[in-house]
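Spelled out from the first residue to the last, the chains are:
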Amino acid sequence: MFRRLCNSFSLSISKPKPALIFQNPIKKQLKLQQTLSLTPRFFSSSIEMDSTQNNTQLTKVELLRSLESSLGHCFNTNPVCPSPTPLIIVISGPSGVGKDAVIKRLRESRESLHFVVTATSRPMRPGEVDGKDYYFVSKEQFLKMIERDELLEYALVYGDYKGIPKKQIREYMGKGCDIVLRVDIQGAETLRRILGNSAVFVFLVAESELALVERLVDRRTESRDELLVRIVTAREEVKHVRNFDYVVVNAEGKLENAVKLVESIIDAEKAKVRQRNAVI
Ligand SMILES: Nc1ncnc2c1ncn2[C@@H]1O[C@H](COP(=O)(O)OP(=O)(O)OP(=O)(O)O)[C@@H](O)[C@H]1O
């Protein structure tokens with residue numbers, strides 16, 4: 001069926017019917033003049049070409065002009081598909097799985113992404129930069145932000161507040177940027193309720209529980225008791241993977257693979273026919 005359609009289409013192109021060329025010459029001339037004013041580069045001198053002329057004798061421009069002439073209109077230069085809508089990517093996973101490490105690498109490789117800086121009331125860790133890693137605020141300042149409805153989502157995590165400022169997301173989506181949000185599992189659940197399927201949810205996991213615990217221990221930022229809380233929580237959190245769209249394994253020493261997979265997810269999402277359409 002498709003082949004039959006193609007055949008009949010090519011026939012109608014290669015042998016323009018006399019009716020198409022000579023029927024109502026005034027109307028035809030008018031149409032050509034309109035076309036000429038749109039794209040003068042193709043319809044400048046000889047508009048109608050001999051349709052039996054061998055394609056190999058024609059330059060590319062001549063062939064294009066001839067095809068346009070046979071079709072009766074110029075080829076459209078507008079994009080076939082509209083540009084993709086800004087995407088919100090939520091990256092989550094248990095404590096110590098490597099969310100920050102993955103995001104740090106993504107930051108370096110994808111300049112078009114905007115990484116929302118989360119506000120937190122937790123103390124700054126060595127090497128962290130205020131306004132880059134987090135906005136470090138006091139508990140009182142954080143409570144004021146909640147009161148003013150400035151946060152898309154917030155939670156009390158291990159005794160400290162963490163929240164996502166709405167203003168930043170609106171501002172960067174307005175500029176056409178894709179947005180990356182880094183949240184814990186609790187935050188991802190809340191965001192799923194707020195955003196539904198309008199955002200893409202990625203769950204990071206380690207290859208095993210032992211690998212996760214070793215990573216946390218090596219980081220040396222938690223006390224023994226804090227470690228115990230995080231490990232018990234992580235066991236529960238892994239069960240939430242089914243609420244996510246994608247799961248990415250961040251295996252020991254394979255950070256690059258995890259980053260590449262996240263990048264592929266973003267690329268695939270941007271190529272989707274039915275785009276997610278988040279409104280904040
Ligand atoms: N693929 C990997 N292989 C080895 N080490 C890794 C890998 N990914 C991350 N790490 C290391 O594991 C530790 C924990 O990573 P990171 O701080 O990024 O986790 P996180 O998920 O952001 O934790 P939290 O939620 O507690 O802030 C860091 O020291 C980081 O450098």
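Residues numbered from 1 in each chain as written. Predicted model: local features only at pLDDT ≥ 70, side-chain atom pairs only at ≥ 80, totals over all residues. Heavy atoms only, no water.

An unreviewed UniProt entry lists the protein under the name guanylate kinase, with Dipteronia dyeriana as the source organism. Annotation of the protein in UniProt includes, under Sequence similarities (unreviewed entry), the sentence "Belongs to the guanylate kinase family." (UniProt positions renumbered as here; feature names shortened; annotations may be inferred.)

A. Region of the structure containing the overall build of the protein. Within the protein, the secondary structure is distributed over 11 helices and 9 strands. Out of the 280 residues in the protein, the part that is buried amounts to 40%. Considering only residue pairs separated by 6 or more positions, the protein has 66% of its internal contacts joining residues 24 or more positions apart. Surface exposure of the protein reaches about 17,100 Å², of which carbon and sulfur atoms provide 57%. (Helix = DSSP H or I, 4+ residues; strand = E, 2+ residues; numbered from the N terminus. Buried < 20%, exposed > 50% of the residue type's maximum accessible area, 1.4 Å probe, protein only. Contact = heavy atoms within 4.5 Å. Areas by Shrake-Rupley, 256 points an atom, 1.4 Å probe, with all protein chains shown as cover.)

B. Structural context of the sheet that holds strand β2 (residues 113–115). Overall, parallel pairing links the 5 strands, which are arranged β2-β7-β1-β8-β9 in an open sheet. A strand with exactly one partner marks an edge of an open sheet, and here the two such strands are β2 and β9 (246–249). Strand-to-strand twist across the sheet, computed as the mean angle between neighbouring axes with direction ignored, equals 25 degrees. Strands in contact with helix α11 (residues 255–270) are β1 (88–92), β2, β7 (178–182), β8 (200–205) and β9; relative to β9, the strand with the most contacts, it is inclined by about 160 degrees. (Pairing = 2+ DSSP bridges. Axes fitted to C-alpha atoms, helices over the stretch in contact; angles between N-to-C directions.)

C. Quick peek at the site of the ligand. Around the ligand, 19 residues are found, and the nearest of them are S95, R182, R215, R219 and N250. With respect to the ligand, the side chain of S95 contributes an N or O atom lying 2.7 Å from an oxygen atom. Within the contact set of the ligand, an oxygen atom lies 2.8 Å away from a side-chain nitrogen or oxygen of R219. Protein chains shield 80% of the accessible area of the ligand, which is 640 Å² for the free molecule. Only α5 (99–109) and α9 (209–219) provide two or more residues apiece to the shell around the ligand. Among the elements that take part in the shell around the ligand, α5 stands out by supplying 3 residues, more than any other. (Near = heavy atom within 4 Å. Polar contact = N/O pair within 3.5 Å; in protein donor to acceptor, adjacent residues only side chain to side chain.)

D. Fine view of the packing of aromatic side chains. Tallied over the entire structure, the rule returns 5 aromatic pairs. With a centroid separation of 5.1 Å and an interplanar angle of 20 degrees, the aromatic rings of F142 and Y161 are classed as stacked. Remark: Y161 occurs in strand β6 (residues 160–165) and F142 occurs in helix α6 (residues 139–147); sequence separation between them is 19 residues. By relative accessible area, which is 0% here, F142 ends up buried. (Phe/Tyr/Trp six-rings, centres within 6.5 Å; stacked < 30°, edge-to-face > 60°.)

E. Up close: the sheet that holds strand β5 (residues 151–157). Within the open sheet, the 4 strands sit side by side as β4-β3-β6-β5. Their pairing is mixed. Each edge of the open sheet is held by one strand with a lone partner, namely β4 (134–136) and β5. Each adjacent strand pair in this sheet contributes to an overall mean axis angle of 25 degrees, direction not counted. Where strand β3 (residues 118–120) meets β6, 2 bridges bridge the pair, whose relative direction is antiparallel. Following the sheet pairing, A119 is matched in β6 by G163.

F. Structural context of the packing of α5 against α11. Running from N to C, α5 and α11 point in directions that differ by 65 degrees, and their axes come no closer than 10 Å. Judged by the twist between their axes, the crossing of α5 over α11 is right-handed. On the side of α5, the interface is formed by A101, V102, R105, L106 and S109, while α11 contributes L255, E256, A258, V259, V262 and E263. The class makeup of the residues in the contact of α5 with α11 is 7 nonpolar, 1 polar and 3 charged. (Left-handed = near helix turned anticlockwise from the far one by under 90°. Nonpolar A, V, L, I, M, F, W, Y, C, P; charged D, E, K, R; others polar.)

G. View of the pairing of β1. Extensive coverage of β1 is indicated by the burial of 5 of its 5 residues. Side chains of β1 alternate between two faces, with I88, V90 and S92 and I89 and I91 buried alike. Looking at chain direction, β1 and β7 are connected through 4 bridges and run parallel. Opposite V90, over in β7, you have L181 as the bridge partner.

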